[in-house]
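What follows is the residue order along each chain.
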Amino acid sequence: MRRPGSENRLKRFAALGALLMLGGFAVAGPTGLFAWSENLEALEQRNIEIADLTQKRDALRNRVQLLDPDAADPDLASELVRDQLGVMREDEVVITLDDE
């Protein structure tokens, strides 16, 4: 036979255990206080990556606008033809610079 207060004491220990477990998850869980700094670092890295990709996208968008068939930039078109096809005029001279 159980004592009259033992059932009440068991409920208290179960509630205390549940509270301690919830507190542990709040501190050391995957979204707890310890993971907060890791999440901030990951967010900062993503923001840097987004800024870099945005800059690359804007540069590509500008290049596409310069190559618009209706209003192509003659200097860019000439540069691309020379680079891709290796074409040069008879009156041009190629000067190579050594990288030091």
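Quick notes on the rules
- Residues numbered from 1 in each chain as written.
- Predicted model: local features only at pLDDT ≥ 70, side-chain atom pairs only at ≥ 80, totals over all residues.
- Heavy atoms only, no water.
- Helix = DSSP H or I, 4+ residues; strand = E, 2+ residues; numbered from the N terminus.
- Rg over C-alpha atoms; globule rule 2.2 N^0.38 Å.
- Buried < 20%, exposed > 50% of the residue type's maximum accessible area, 1.4 Å probe, protein only.
- Areas by Shrake-Rupley, 256 points an atom, 1.4 Å probe, with all protein chains shown as cover.
- Lys, Arg positive; Asp, Glu negative; His and termini not counted.
- Charge placed at Lys NZ, Arg CZ, Asp CG, Glu CD.
- Patch = residues over 30% accessible without salt bridge, like charges linked within 9 Å, V, L, I, M, F, W, Y side chains within 5 Å.
- Salt bridge = Lys/Arg side-chain N within 4 Å of Asp/Glu carboxyl O.
- Expected span 1.5 Å × (residues − 1).

## Thoughts on the overall build of the protein
Thinking step 1. Helix and strand counts for the protein come out as three helices and zero strands.
Thinking step 2. Computed over the C-alpha atoms, the radius of gyration of the protein is 34 Å, more than 25% above the 13 Å expected from 2.2 N^0.38 for a compact globule of 100 residues.
Thinking step 3. Seen along its three principal axes, the alpha-carbon backbone of the protein occupies a region of about 110 × 40 × 20 Å.
Thinking step 4. Buried residues in the protein amount to 4% of all 100 residues.
Thinking step 5. Accessible surface, the protein: about 9,700 Å² in total, of which carbon and sulfur atoms supply 59%.
Thinking step 6. Across the protein, the centroid of the 12 positively charged side chains sits 30 Å from that of the 19 negatively charged ones.

## Side note on a nonpolar patch on the surface
Thinking step 1. Where nonpolar side chains cluster on the molecular surface, the patch consists of Phe13, Leu16 and Leu20 and spans about 340 Å² of accessible area.
Thinking step 2. Secondary-structure assignment places Leu16 in helix H1 (residues 6-28).

## What to know about helix H3 (residues 74-85)
Thinking step 1. A rise of 1.5 Å per residue sets the reference length of H3, with its 12 residues, at 16 Å; its end C-alpha atoms lie 16 Å apart and thus fit the reference within 8%.
Thinking step 2. Looking one or two residues beyond H3, the residue adopting positive phi is Gly86, at roughly 65 degrees.

## Notes on the environment of Leu20
Thinking step 1. Here Leu20 lies in helix H1.
Thinking step 2. As a C-alpha pair, Leu20 and Ser37 span 17 residues in sequence and 23 Å in three-dimensional space.

## Focus on the pattern of salt bridges
Thinking step 1. One pass over the structure, following the stated rule, counts three salt bridges.
Thinking step 2. Lys56 is the salt-bridge partner of Asp52, the closest N and O atoms lying 3.6 Å from each other. Taken together, the residues span about one helical turn, with Asp52 and Lys56 both in helix H2 (residues 33-66) at a distance of four residues.
Thinking step 3. What makes Lys56 partly exposed here is its relative accessible area of 48%.
Thinking step 4. A salt bridge links Asp58 to Arg57; the nearest nitrogen and oxygen atoms lie 3.4 Å apart.

## What about the environment of Asp75?
Thinking step 1. Considering the arrangement of structural elements, one finds Asp75 in helix H3.
Thinking step 2. When the C-alpha positions of Asp75 and Val94 are compared, they lie 17 Å apart, and in sequence the two are 19 residues distant.

## Points about H1
Thinking step 1. When the terminal C-alpha atoms of H1 are compared, their 32 Å separation across 23 residues agrees well with the 33 Å that a helix rising 1.5 Å per residue should span.
Thinking step 2. The buried fraction of H1 is low, at zero of 23 residues.

## Quick word on the environment of Glu41
Thinking step 1. With respect to the element layout, Glu41 can be found in helix H2.
Thinking step 2. Among the residues examined, Glu41 registers a relative accessible area of 54% and is labelled exposed.
Thinking step 3. Note: C-alpha distance between Glu41 and Leu85 (44 residues apart in sequence) is 46 Å.

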